[in-house]
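# Observations on the model geometry
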2 protein chains.
Amino acid sequence: MWLAILGIATNASTNANASRFRDLCPALANKTYFNYGGQGPLPTPSLEAITASWRTIQELGPFTTDVWPFIEQETSRLRRSLASWCGVGPHRIALTENVTSGCVLPLWGLPWEEGDELLISDCEHPGVVAACQELARRHNLTLATLPVLELCQFTAQRDLEGAVLEQLQTCLKPRTRLLVLSHLLWNTGSVMPIAAVAQHLQAHPQQPWLLVDAAQSMGSLPVAEAAQAADIYAFTGHKWCCGPEGLGGVALSERLLDHGQPTLIGWRSLEQESSAGSSWHRDGRRFEVATSCVPLFSGLRQSLELLSAEGSETERLERIRQGSQQLWQNLQALPGCRTLLSEPPPAGLVSFRLEGVETAQAVEALGQAGLWIRRLDSPDCLRACTHLCTLPTEIEALSAAVSELLP
Amino acid sequence: MWLAILGIATNASTNANASRFRDLCPALANKTYFNYGGQGPLPTPSLEAITASWRTIQELGPFTTDVWPFIEQETSRLRRSLASWCGVGPHRIALTENVTSGCVLPLWGLPWEEGDELLISDCEHPGVVAACQELARRHNLTLATLPVLELCQFTAQRDLEGAVLEQLQTCLKPRTRLLVLSHLLWNTGSVMPIAAVAQHLQAHPQQPWLLVDAAQSMGSLPVAEAAQAADIYAFTGHKWCCGPEGLGGVALSERLLDHGQPTLIGWRSLEQESSAGSSWHRDGRRFEVATSCVPLFSGLRQSLELLSAEGSETERLERIRQGSQQLWQNLQALPGCRTLLSEPPPAGLVSFRLEGVETAQAVEALGQAGLWIRRLDSPDCLRACTHLCTLPTEIEALSAAVSELLP
């Protein structure tokens, strides 16, 4: 019973740091929320930025010479913000509807040859894997798996880089042309050594393309080193960045911009939008398609500014990790609870199993108490995320509620 | 000078019909607007529906068991509305980000064979043409042109069906596997006989696929007959439907659902979203990708309801045509002004040229007087659109301003 009270009482912050951003998020006012890796809360100033953007577009346009400078301003301000987070030039950024589009649009236009091999880690999201399978079917490519799941579960984070590189060396074949690897694995919560992996791939005779799913890393980790090293570094604004759903982006390497053709082609892909004979844009815009919702650009930029105001990316990660470490330690102490990682998580994802408890039932029972976590299929486990706005009291409430679920 | 006054005074409606919908659109309050074919105004109730949807998602979610029924409700209500407008079952509708995605996503997954020919009308949007060119490059297909531009300019609408079918018969080759034809041509404003064209294609040994760009028809014409007949009938919500930018859809034929593979694949394409080995959805959802902005769904549905409240689609077209006919007649009467069509337009697009006046300069001069039309490149002309909310006084103001531009 006292658990429910704790759950409700989380607004009375015991953590001054967490409360600044937190108080701007209506989603956090009536629940105890741990699904930032599914979708982040939208702060009220971001919703206000979205509606203000719509009002401006209606006042000046919606389709007039007067409105174009505003559209261009909102687009380029967001592109510059994302470029700055990724540590790349704005010309290397394409804005996309979601992380899947950011992965697949550039992937589909690379120069594939029959017999090329796609190497995919065993911790990738089913959507990206299914897209690779279909790509392989159409071009007669082969698929191979880079096993990292077991490594993550049984290797200390400090030894993970070496272990992943060794595994990669084993799996690379003469025909390997692509590696798909997430930066922050959505299931175990481990950080992959993307820059080292990229360097390793450069030494391979084929110099395979490196596609990085950054769905969980963007907004939770410092990403610049990885984004600079990958060919395709695809992210979304609606998870850890706490922006609106339906907007993401991708950072692209110079060599991808040299060799990649667009697939979904519309007026935004073309250098001269009124001519079908036009060249593609030389920069990331070649992977942009047609009309998107510009007010969402204003909203995501506002969310990025709110996060930046909370501290440097290193400071923000530190706050995220304070929460995930507290949760991990609490769970470790529960008999019958097994965390997927053998040491405190490097970021905000905490995955675990409960002996004798069915995961779907656990999610349902916790949800009925206003505590929101999710289950994952592969491996079958529960996942709770802590963000910089997570309160210590929330973590204690979740830990206690999980404890009560155990037989 | 009196023109500017007229332009400003258009809120004092002289047309009771026009004012109901019109008064809900802030974009129409401070300008004289004729760019509905570029982007429609967003009514205030639609913006309110969008923000209310966001508030509900934040209150219930954003990622909880409590929010899924709301997401599912908003998605299926919009899908059913669009299906009803298209006269097809909801299973034949895919929701997309824009009309280009609706055209290209299903196109890219059809079973192409080297040497197949794509037949494309000479009045298609450059984005779709560029996508076909890239498709042809990748699969070694050939491209051919169906000339309809001249037909439209020199044939009465009542004779157009016969003329287009005759032209089609001339252009169809044994290897023709696709025809791309807009329903309402964005340049001349002519209506193409889509149902008759579809019937004609059925009789061809190859039964070519029919891709219809419905960017200008959806929301301005009755579309069911054409949407039922096409294989790919792709539209957007942000032009004549007056919904938010960044949301469209496509009606797909049963045979396309049988044979088309998705390209951009994400969790929404998969029958079991957590499994990469899952089948695609059997229905239109196989062409949906990943996270979209659900609040936009709520906004477009509100806009469709507001339009429906203005009368049946036939009644709405009648009001649109009253405006376009008035404008066409005024322009016809101006010496030095030549309309592209030789008779009043069948819908709301009025394209014309001014002798001795450069089109870009004309757009700029009119814009400075608060009158918004656009120019087109191919053919080089001006285009003004009338919607059901266009006032007779607005048309008189535009006509007089155009008259003053002439030497």
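Residues numbered from 1 in each chain as written. Chains lettered and ligands numbered in written order. Predicted model: local features only at pLDDT ≥ 70, side-chain atom pairs only at ≥ 80, totals over all residues. Heavy atoms only, no water.

### Some words on the overall build of chain A
Counting its regular elements, chain A contains 15 helices and 13 strands. Relative to its length of 407 residues, chain A is compact, with a C-alpha radius of gyration of 22 Å against a globular reference of 22 Å. When each of the 407 residues of chain A is scored for burial, the buried share is 65%. Of the contacts formed within chain A by residues at least 6 apart in sequence, a portion of 70% connects residues at least 24 apart. Surface accessibility of chain A: about 14000 Å² in total, with carbon and sulfur atoms responsible for 50%. When the 29 positive and 42 negative side-chain charges of chain A are each reduced to one mean point, those points stand 2 Å apart. (Helix = DSSP H or I, 4+ residues; strand = E, 2+ residues; numbered from the N terminus. Rg over C-alpha atoms; globule rule 2.2 N^0.38 Å. Buried < 20%, exposed > 50% of the residue type's maximum accessible area, 1.4 Å probe, protein only. Contact = heavy atoms within 4.5 Å. Areas by Shrake-Rupley, 256 points an atom, 1.4 Å probe, with all protein chains shown as cover. Lys, Arg positive; Asp, Glu negative; His and termini not counted. Charge placed at Lys NZ, Arg CZ, Asp CG, Glu CD.)

### Topic: the relation of the copies chain B and chain A
Between the two copies, chain B and chain A, the superposition gives an RMSD of 0.0 Å; the rotation angle is 180° and the shift along the axis is 0.0 Å. In the structure described here, the two chain copies are related by an operation that fits a two-fold rotation axis. Residue by residue, 100% of the interface of chain B is reproduced at the interface of chain A, so both copies engage with the same surface. (Least-squares fit on C-alpha atoms with pLDDT ≥ 70 in both.)

### So, the interface of chain B and chain A
On the chain A side, the residues contacting the 72 residues of chain B number 72 residues. Together, Trp54, Gln58 and Phe63 of chain B form the three largest contributors to the area buried by chain B at its contact with chain A, with a combined 12%. Inspection of the chain B/chain A interface yields 0 salt bridges. One can count 28 residue pairs in polar contact (both at pLDDT 80 or more) joining chain B with chain A. (Buried area = accessible area lost by both parts, 1.4 Å probe. Salt bridge = Lys/Arg side-chain N within 4 Å of Asp/Glu carboxyl O. Polar contact = N/O pair within 3.5 Å; in protein donor to acceptor, adjacent residues only side chain to side chain.)

### Thoughts on the pattern of salt bridges
Applying the stated criterion to the full structure yields 32 salt bridges over all chains. Note that Arg319 of chain A and Glu310 of chain A form a salt bridge whose closest N and O atoms lie 3.0 Å from each other. By relative accessible area, which is 10% here, Arg319 of chain A ends up buried. Among the residues examined, Glu310 of chain A registers a relative accessible area of 9% and is labelled buried. Across the pair Arg301 of chain B and Glu305 of chain B runs a salt bridge whose closest N-O atoms are separated by 3.3 Å. Here the residue Arg301 of chain B and the residue Glu305 of chain B both occupy positions in helix H12 (residues 294-308), the gap between them amounting to 4 residues, near one helical turn. Look at Arg301 of chain B and you get buried, because its relative accessible area is 10%.

### A few points about the packing of aromatic side chains
Per the stated rule, a full pass over the model turns up 6 aromatic pairs over all chains. An angle of 35° between the planes, with centres 6.2 Å apart, marks the rings of Tyr36 of chain B and Trp240 of chain B as tilted. In this pair, Tyr36 of chain B sits in the loop between strand E1 (32-33) and helix H3 (44-60) while Trp240 of chain B sits in the loop between strand E7 (232-236) and strand E8 (248-252), placing the two residues 204 residues apart along the sequence. Each member of the pair, Tyr36 of chain B as well as Trp240 of chain B, carries the same accessibility label: buried. Measuring from centroid to centroid gives 4.9 Å for Phe63 of chain B and Trp68 of chain B, while their planes differ by 90°, and the two rings are edge-to-face. The buried category is assigned to Phe63 of chain B, whose relative accessible area is 16%. Taken together, the ring pairs in this structure connect Tyr33, Tyr36 and Trp240 of chain A into an aromatic cluster. Over the aromatic face of Trp209 of chain B sits the side chain of Arg255 of chain B, whose NZ or CZ is 4.4 Å from the ring centroid. (Phe/Tyr/Trp six-rings, centres within 6.5 Å; stacked < 30°, edge-to-face > 60°. Lys NZ or Arg CZ within 6 Å of the ring centre and 35° of its normal.)

### With respect to empty space enclosed by the protein
Scanning the entire structure with this criterion turns up 6 cavities of 30 Å³ or more. Taken as a whole, the largest cavity holds about 250 Å³ of empty space. Residue lining of the largest cavity: 31 residues in total, with Glu97 and Ser101 of chain A together with Glu97, Ser101 and Leu264 of chain B positioned closest to the centre. Looking at the lining of the largest cavity, the elements that each hand over two or more residues are strand E2 (93-96) and helix H5 (99-108) of chain A together with strand E2 (93-96), helix H5 (99-108) and H12 of chain B. Class assignment for the residues of the lining of the largest cavity results in 16 nonpolar, 9 polar and 6 charged. Taken as a whole, the second largest cavity holds about 90 Å³ of empty space. As for the second largest cavity, its lining consists of 14 residues, of which Gly246, Ser292, Cys293 and Leu296 of chain A together with Glu97 of chain B are closest to the centre. Looking at the lining of the second largest cavity, the elements with two or more residues in it are E2 and helix H12 (294-308) of chain A. The residue inventory of the lining of the second largest cavity, partitioned by class, reads 7 nonpolar, 4 polar and 3 charged. (1 Å grid on protein atoms, 1.4 Å probe; cavity = no way out; pocket = protein on both sides within 12 Å on 5 of 7 lines; lining within 4 Å. Points joined across faces, edges and corners; volume = space filled by probe spheres on them. Nonpolar A, V, L, I, M, F, W, Y, C, P; charged D, E, K, R; others polar.)

### Let's talk about the nonpolar core
Among the nonpolar cores identified, the biggest contains 158 residues, and Tyr233 of chain A together with Tyr233 of chain B are the most heavily contacted of them. Beyond its immediate chain neighbours, meaning those up to four positions away, Tyr233 of chain A contacts His183, Val212, Ala214, Ser217, Val223, Ala226, Ala227, Gly249, Val250 and Ala251 of chain A. Counting residues in each nonpolar core, the second largest holds 76 residues, with Cys103 and Trp112 of chain A together with Leu141 and Ala276 of chain B among its members. (Core = buried A, V, L, I, M, F, W, Y, C linked by side-chain atoms within 4.5 Å.)

### Brief notes about the packing of helix H4 (residues 68-86) of chain B against H12 of chain B
Two measures define how a pair of helices packs: the angle their axes make with one another and the distance between the axes. Residues and elements named next belong to chain B. At their nearest, the axes of H4 and H12 sit 9 Å apart, and the two run at 40° to each other. By the angle class used here, H4 and H12 are oblique. Here H4 and H12 pass one another in a crossing that is left-handed. Between H4 and H12, the residues in contact are Ile71, Glu74, Thr75, Arg77, Leu78, Ser81, Leu82 and Trp85 and Val294, Phe297, Ser298, Leu300, Arg301, Leu304, Leu307 and Ser308, respectively. (Axes fitted to C-alpha atoms, helices over the stretch in contact; angles between N-to-C directions. Parallel < 35°, antiparallel > 145°, perpendicular 65-115°, else oblique. Left-handed = near helix turned anticlockwise from the far one by under 90°.)

### Comments concerning the packing of helix H14 (residues 359-368) of chain B against helix H15 (residues 392-405) of chain B
Residues and elements named next belong to chain B. Relative orientation of the contacting elements H14 and H15 amounts to 130°, with a least axis distance of 11 Å. In terms of their interaxial angle, H14 and H15 are classed as oblique. For the element pair H14 and H15, the recorded crossing hand is right-handed. Between H14, through Ala362, Ala365 and Leu366, and H15, the contact on the second element is made entirely by Leu398, Ala401, Val402 and Leu405.

### Notes on the sheet that holds strand E4 (residues 142-146) of chain A
All names here are of chain A. Spatially, 7 strands are ordered E2-E8-E7-E6-E5-E3-E4 in an open sheet, and the strand pairing comes out mixed. The open sheet terminates on both sides in strands that have one partner only, identified here as E2 and E4. Shown here is a sheet whose adjacent strand axes are inclined to one another by a mean of 20°, direction ignored. Contacts from helix H8 (residues 157-171) reach strand E3 (117-121), E4 and strand E5 (176-182), with the element oriented near 155° to E4. Docked against the sheet, helix H9 (residues 194-202) engages E5 and strand E6 (209-213), running at close to 165° with respect to E6. (Pairing = 2+ DSSP bridges.)

### Comments concerning helix H6 (residues 126-139) of chain B
All names here are of chain B. Here H6 spans 20 Å end to end across 14 residues, near enough to the 20 Å set by a 1.5 Å rise per residue. Within H6, 10 of the 14 residues are buried, which leaves the element mostly enclosed by the surrounding structure. Residues of H6 that are buried include every one of Pro126, Gly127, Val128, Val129, Ala130, Ala131, Cys132, Glu134, Leu135 and Ala136, and no others. On its buried face, H6 is in contact with H5, strand E3 (117-121), strand E4 (142-146), strand E5 (176-182) and strand E6 (209-213). Residue Asn140 follows H6 closely and has a positive phi angle near 55°. (Expected span 1.5 Å × (residues − 1).)

### Topic: the side chain of Arg301 of chain A
Separated by 3.0 Å, the side chains of Arg301 of chain A and Glu74 of chain A make a polar contact. Setting aside chain neighbours within four positions, we find Arg301 of chain A in contact with Glu74, Arg77, Leu78 and Ser81 of chain A.

Nothing here speaks to function; it is all geometry.
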